[in-house]
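These are the residues of each chain, in order.
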Amino acid sequence: MSMACPHIAGVAALLRGLHPEWSPVSIWLAMMTTLYTMDSTNSPIKDIGNDYKPASPVGMGASHVDPNRALDPGLIYNVPLQDYINLMCAMKYTSKQIHMVTRSSSYNCSNPSLDLNYPSFIAFFHSNTNGARILQYGDECGRWGRQPTQQR
């Protein structure tokens with residue numbers, strides 16, 4: 001079982017306690033923008049499950065969290081939900097796809113924009129040969145896969 005989830009939750013709780021004015025997005029971005037990929041010897045983090053070769057994002061996730069740097073990451077900003085919706089609209093997501101992400105049918109696509117200051121997030125929808133949609137998904141603990149979803 002991965003210990004990444006409780007560690008990240010603990011760092012988020014620490015940040016929330018020290019910065020109660022920060023939104024959940026601000027806390028997440030503080031952690032994401034202060035990650036590190038080098039070990040204490042200034043070498044790439046190694047993947048013990050792959051003969052100690054340098055770890056890929058699949059092997060180590062986004063990177064390693066640095067709680068001390070996340071306490072004072074420099075620039076902190078909040079990204080409102082509408083900014084994410086504007087991005088999905090600009091990328092020509094269907095209303096069903098936007099609903100899948102937002103879990104709401106109440107959204108506004110009047111200002112589509114590809115201008116989103118966001119470390120990393122995207123959902124790719126592929127069609128297989130019989131027309132069914134495939135959504136690649138993963139959870140925060142590292143299980144990845146492909147799940148067919150039928151359009152309705």
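This text follows the structure it describes.
Note that the structure is a prediction, hence the values are computed from the model and not measured. (Residues numbered from 1 in each chain as written. Predicted model: local features only at pLDDT ≥ 70, side-chain atom pairs only at ≥ 80, totals over all residues. Heavy atoms only, no water.)

Enquirer: Is there a simple way to think about the nonpolar core in this case?
Expert: One broad rule of soluble globular proteins: the nonpolar side chains tend to lie buried together. Core analysis: the largest hydrophobic core is formed by seven residues, namely V11, L15, W22, I27, A30, M31 and A70. If you list the elements that add at least two residues to this core, you get α1 (4–18) and α2 (24–32). (Core = buried A, V, L, I, M, F, W, Y, C linked by side-chain atoms within 4.5 Å. Buried < 20%, exposed > 50% of the residue type's maximum accessible area, 1.4 Å probe, protein only. Helix = DSSP H or I, 4+ residues; strand = E, 2+ residues; numbered from the N terminus.)

Enquirer: What exactly am I supposed to notice about the side chain of Q97 here?
Expert: Within the secondary structure layout, Q97 lies in helix α6 (residues 95–102). We classify Q97 as buried; its relative accessible area is 8%. Within the structure, Q97 has its side chain in polar contact with the backbone nitrogen of T94 (distance 2.9 Å). (Polar contact = N/O pair within 3.5 Å; in protein donor to acceptor, adjacent residues only side chain to side chain.)

Enquirer: What exactly am I supposed to notice about the environment of T37 here?
Expert: Take T37: it is sitting in the loop between α2 and β1 (46–47). Sequence-wise, T37 and A55 are 18 residues apart; in three dimensions their C-alpha atoms are separated by 8.9 Å. Residues contacting T37, with those up to four places away along its chain left out, are S43, P44, I45, M60 and S63. (Contact = heavy atoms within 4.5 Å.)

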